[in-house]
Amino acid sequence: MTATGAVWRNWGRTEQVRPLRVERPASPEAVQRAVQSAATSGLRIKPVGSGHSFTGIAVAPGVQLDLTSLSGVVDADVATGRVTLGAGTRLHELPALLAPYGLALANMGDIDRQTISGATSTGTHGTGLGFGGLATQIVAAKLVTGTGELITVSETERPELLPAVRLGLGALGVIVELTLQLVPRYVLHAVERQEPFSLVLDEWMDRVREHDHFEFYWFPHTDTAMTKTNTRLPGDAPRAPLGRVSRWIDDELVANGLYRAACYTLRAAPGAIPRLSWLVERLTGNRDFSDFSPSVFVTNRTVRFREMEYAIPLAAVPEAVREVRALIERKDWKITFPIEVRAAAADDNWLSTAYGRESGYIAVHRYYREDQREYFAAVEDLMRAHGGRPHWGKMHTQTAETLRESYPRFDDFLAVREELDPERRFQNPYLERVLDGVHARV
């Protein structure tokens, strides 16, 4: 199905494009035909998911592929815990899709609006040193290459390509199916506490090693960190989920409503932000509950923002966070959004931000109507000084020249791209910058 392209915008309103045309293939063979047709016309072609990347990684000036029709469970093997999903499947659809099989993702981030192919291709991750990013759960992928060939990459078919294809930035082909290694459905016991900022940093290494999933948020202009500690329990463990009213008050009224008010206030009266941050801190209460994993991992986000996140060596996190705090104080910036800090296991995916090292993640945010450039650039300098690697789907200014220094298998990835997409059918300005060295956008 083909349509004339309307203006496409991503969720964070950092990118927009009017594609020449939009196609909505309903089968892998239809994707093949779309790629072959683009090649005949000399056009570039790219799939688009939910638009939750803050970078231009999904921008498609030529042919935009909407893979919504390629969604749902294609195949499932309960005995092995392996499930094949259509590439356009949204993460928020997975609980219902996987419930009949008693399976779940081993780990998740805190947003579930993305497609499974978009989330894995950009390096989406959660927190927990026993768990890698979502891409580490891929055991097979079916994709259409730049020449229009439909290939399977798995542990038995072209296994040497898996470390590249699992996290391929959309540069290697159009993924149409992914097979994931899942785990039995499980319960998470969540403990959320307000704690002193300095104490949490001092105990960072102990906490990330002692707990299944640990993360914290620091509210600028306060001395408080909100810690989140999740402990894994069997799927038949007793549950004590949040009540509907309690969840609405905490997650909608406070987390979204007050932050929206804070963002509006910043634009009208920046001097009031520290006081508002103090108020949000006071209203963000302690919680103790348990539920199936997706209900604990995921938080609803309705206030639009822009985000930059860097992965740095795990042990460098306390020093780096203190440097960010000192920077904000020195510049006298009024920052409304908290800073999020997480951890993940090392993995062997070539372009993973956690490739070859246990990693800590530091994410900074700004309201989407604010100018983030000065804040993000200064924080980026701090992260790069610690050997930081930017999240591929979040804002940064690095280019191929600087990224090659951070990724030992960078050129191996480019060799795979040369094989699978020799004519750069899936190229766009963002990929030109991060893979070929075109000057960074500011």
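To keep things clear, this report deals only with the structure shown in the data block. It should be emphasised that the depicted structure is a prediction, and the values quoted were computed from it without experimental measurement. (Residues numbered from 1 in each chain as written. Predicted model: local features only at pLDDT ≥ 70, side-chain atom pairs only at ≥ 80, totals over all residues. Heavy atoms only, no water.)

1. Overview of the nonpolar core
Inference 1: Judged by nonpolar contacts, the single largest core of 70 residues is most densely connected at Val31, Trp392, Phe413 and Leu435.
Inference 2: In this structure Leu435 touches Leu169, Ala171, Ala400, Phe410, Phe413, Leu414 and Arg417, once residues within four positions along its chain are discounted.
Inference 3: Phe305, Ala316, Val317 and Leu327 belong to the second-largest nonpolar core, a separate cluster that totals 42 residues. (Core = buried A, V, L, I, M, F, W, Y, C linked by side-chain atoms within 4.5 Å. Buried < 20%, exposed > 50% of the residue type's maximum accessible area, 1.4 Å probe, protein only. Contact = heavy atoms within 4.5 Å.)

2. Regarding unusual backbone geometry
Inference 1: In this structure, Arg13 is a non-glycine residue whose phi angle is positive, near 60 degrees.
Inference 2: Within the element layout of this structure, Arg13 appears in the loop between strand 2 (8–9) and strand 3 (16–17).
Inference 3: In the Ramachandran plot, Arg158 falls in the positive-phi region, its phi being about 50 degrees despite a non-glycine side chain.
Inference 4: Tracing the backbone through its elements, the reader meets Arg158 in the loop between strand 11 (150–154) and helix 4 (162–165). (Helix = DSSP H or I, 4+ residues; strand = E, 2+ residues; numbered from the N terminus.)

3. Comments concerning the packing of aromatic side chains
Inference 1: For the structure on display, the rule yields 11 aromatic pairs.
Inference 2: On the numbers, 5.1 Å between centres and 75 degrees between planes, the contact of Trp11 with Phe305 is edge-to-face. Here the residue Trp11 occupies a position in the loop between strand 2 and strand 3, and Phe305 occupies one in strand 18 (residues 305–313), the gap between them amounting to 294 residues.
Inference 3: With a relative accessible area of 15%, Trp11 lands in the buried category.
Inference 4: On the basis of relative accessibility, which here comes to 5%, the residue Phe305 falls in the buried class.
Inference 5: With a centroid separation of 5.8 Å and 50 degrees between ring planes, the pair formed by Tyr375 and Phe376 is classed as tilted. (Phe/Tyr/Trp six-rings, centres within 6.5 Å; stacked < 30°, edge-to-face > 60°.)

4. Let's talk about the environment of Leu327
Inference 1: Take Leu327: it is sitting in helix 10 (residues 317–331).
Inference 2: Between the alpha carbons of Leu327 and Leu382 there is a distance of 9.4 Å; along the sequence they are 55 residues apart.
Inference 3: With sequence-adjacent residues up to four places away left out, Leu327 is seen in contact with Trp333, Ala378, Val379 and Leu382.

5. Details of the packing of helix 13 (residues 410–420) against helix 14 (residues 429–436)
Inference 1: It is the contact of helix 13 with helix 14, at a shortest axis distance of 11 Å, that shows an interaxial angle of 135 degrees. Comparing their axes, helix 14 and helix 13 come out oblique. Where helix 13 approaches helix 14, its residues Phe410, Phe413, Leu414 and Arg417 are matched on the opposing element by Val434, Leu435 and Asp436.
Inference 2: Counted by class, the contact of helix 13 with helix 14 contains five nonpolar, no polar and two charged residues. (Axes fitted to C-alpha atoms, helices over the stretch in contact; angles between N-to-C directions. Parallel < 35°, antiparallel > 145°, perpendicular 65-115°, else oblique. Nonpolar A, V, L, I, M, F, W, Y, C, P; charged D, E, K, R; others polar.)

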